[in-house]
Amino acid sequence: MSVSGKPPYDPANIFARILRGEIPCKRVREDDHALAFHDINPQAPVHVLVIPKGSWVSAADFHASAPAEAIAGFWRLVGAVAAELGLEERGYRILSNMGEDAGQEVAHFHVHIFGGRRLGRMVPPGAA
Ligand code: 5GP
């Protein structure tokens, strides 16, 4: 942890490398603010990741630190991707894992877009 309590951003993380073009991805859509691409290990018929083009480790970091224009641009791309993939009529789920309890694997803020089937419960059953 840094002095501020925010984990430092590691520019060697896998999504930073995808943004720099060092690792290929199956791109869905891209603009000045964000990149959307298919998850390498899909959990639903549609499973797309959307990442902002900046150095934010998590949802908490992004929403606290990113400029308003970057936040608006990011969420506009999320909506555009869901529409482009034909998910609006039957619906879809947006999810972002933040930190250890949520099992965040990649420390570059991202949201998952899931769709293409009934997605079931929001959170697997367990002790509340
Ligand atoms: P998290 O658990 O951090 O919310 O999700 C990370 C996601 O990134 C996982 O669903 C995982 O399958 C995906 N992922 C990890 N490495 C790669 C990669 O190199 N390419 C792509 N397209 N997805 C990846």
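Residues numbered from 1 in each chain as written. Predicted model: local features only at pLDDT ≥ 70, side-chain atom pairs only at ≥ 80, totals over all residues. Heavy atoms only, no water.

Engineer: Can you walk me through the site of the ligand in this structure?
Structural biologist: Surveying the vicinity of the ligand reveals 16 residues, the closest of which are Asp39, Asn97, Glu105, His110 and His112. Take glutamate 105: an N or O atom from its main chain is 2.7 Å from an oxygen atom of the ligand. Interatomic distance of 3.0 Å between a backbone N/O atom of valine 106 and an oxygen atom of the ligand. Protein contacts shield 86% of the accessible area of the ligand, which totals 520 Å² for the unbound molecule. Going through the elements one at a time, helix H1 (14-19) and strand S2 (34-38) are the ones with two or more residues in the shell around the ligand. The element contributing the most residues to the shell around the ligand is H1, with three residues. Looking at the shell around the ligand, its residues break down into seven nonpolar, seven polar and two charged. (Near = heavy atom within 4 Å. Polar contact = N/O pair within 3.5 Å; in protein donor to acceptor, adjacent residues only side chain to side chain. Areas by Shrake-Rupley, 256 points an atom, 1.4 Å probe, with all protein chains shown as cover. Helix = DSSP H or I, 4+ residues; strand = E, 2+ residues; numbered from the N terminus. Nonpolar A, V, L, I, M, F, W, Y, C, P; charged D, E, K, R; others polar.)

Engineer: Looking at this structure, I do not really get the side chain of aspartate 61. What am I missing?
Structural biologist: With respect to the secondary-structure elements, aspartate 61 resides in helix H2 (residues 59-65). For aspartate 61, a relative accessible area of 4% gives the class buried. With residues up to four places along the chain from it excluded, the contact list for aspartate 61 reads Lys6, Ser55, Trp56 and Ala66. (Buried < 20%, exposed > 50% of the residue type's maximum accessible area, 1.4 Å probe, protein only. Contact = heavy atoms within 4.5 Å.)

Engineer: Explain the sheet that holds S2 to me, please; I cannot follow it from the model alone.
Structural biologist: Backbone-to-backbone hydrogen bonds join strands into a sheet, with any given pair of strands oriented parallel or antiparallel. Strand order in the open sheet made by the five strands is S1-S2-S3-S5-S4, with antiparallel pairing throughout. The open sheet has two free edges, formed respectively by strand S1 (27-30) and strand S4 (92-95), since each of these has just one partner strand. This sheet shows a mean twist of 20 degrees between the axes of neighbouring strands, independent of strand direction. Note: strand S3 (residues 46-52) against strand S5 (residues 111-115), five bridges, orientation antiparallel. Residue valine 50 lies in a different strand from S5, and its bridge partner there is valine 111. (Pairing = 2+ DSSP bridges. Axes fitted to C-alpha atoms, helices over the stretch in contact; angles between N-to-C directions.)

Engineer: Would you mind showing me how to read the side chain of serine 58 here?
Structural biologist: Within the element layout of this structure, serine 58 appears in the loop between S3 and H2. Judged by relative accessible area, serine 58 falls into the buried class, the value being 7%. A polar contact is formed between the side chain of serine 58 and the backbone nitrogen of aspartate 61, at a distance of 3.2 Å.

Engineer: Can you help me understand the environment of valine 81 in this one?
Structural biologist: Residue placement: valine 81 occurs in helix H3 (residues 68-84). By relative accessible area, which is 0% here, valine 81 ends up buried. In sequence terms valine 81 and glycine 91 are 10 residues apart; their C-alpha atoms lie 13 Å from each other.

Engineer: Whenever I open this one, the packing of aromatic side chains confuses me. Can you help?
Structural biologist: Aromatic ring pairs: the centre-centre distance and the angle between the two ring planes describe each pair. This model, assessed by the stated rule, comprises six aromatic pairs. By way of ring pairs, the aromatic residues Trp56, Phe62, Phe74, Trp75 and Phe109 are connected into one cluster. (Phe/Tyr/Trp six-rings, centres within 6.5 Å; stacked < 30°, edge-to-face > 60°.)

Engineer: Would you take a moment to explain the pattern of salt bridges for this structure?
Structural biologist: Pairing between side chains of opposite charge can happen when their charged atoms approach one another. Taken as a whole and judged by the stated rule, the model has five salt bridges. Close ionic contact of arginine 20 with glutamate 22 constitutes a salt bridge, the shortest N to O distance being 2.7 Å. On the accessibility criterion, glutamate 22 (42% relative accessible area) is partly exposed. What emerges from the salt-bridge pattern is a single network uniting Arg17, Arg20 and Glu22. (Salt bridge = Lys/Arg side-chain N within 4 Å of Asp/Glu carboxyl O.)

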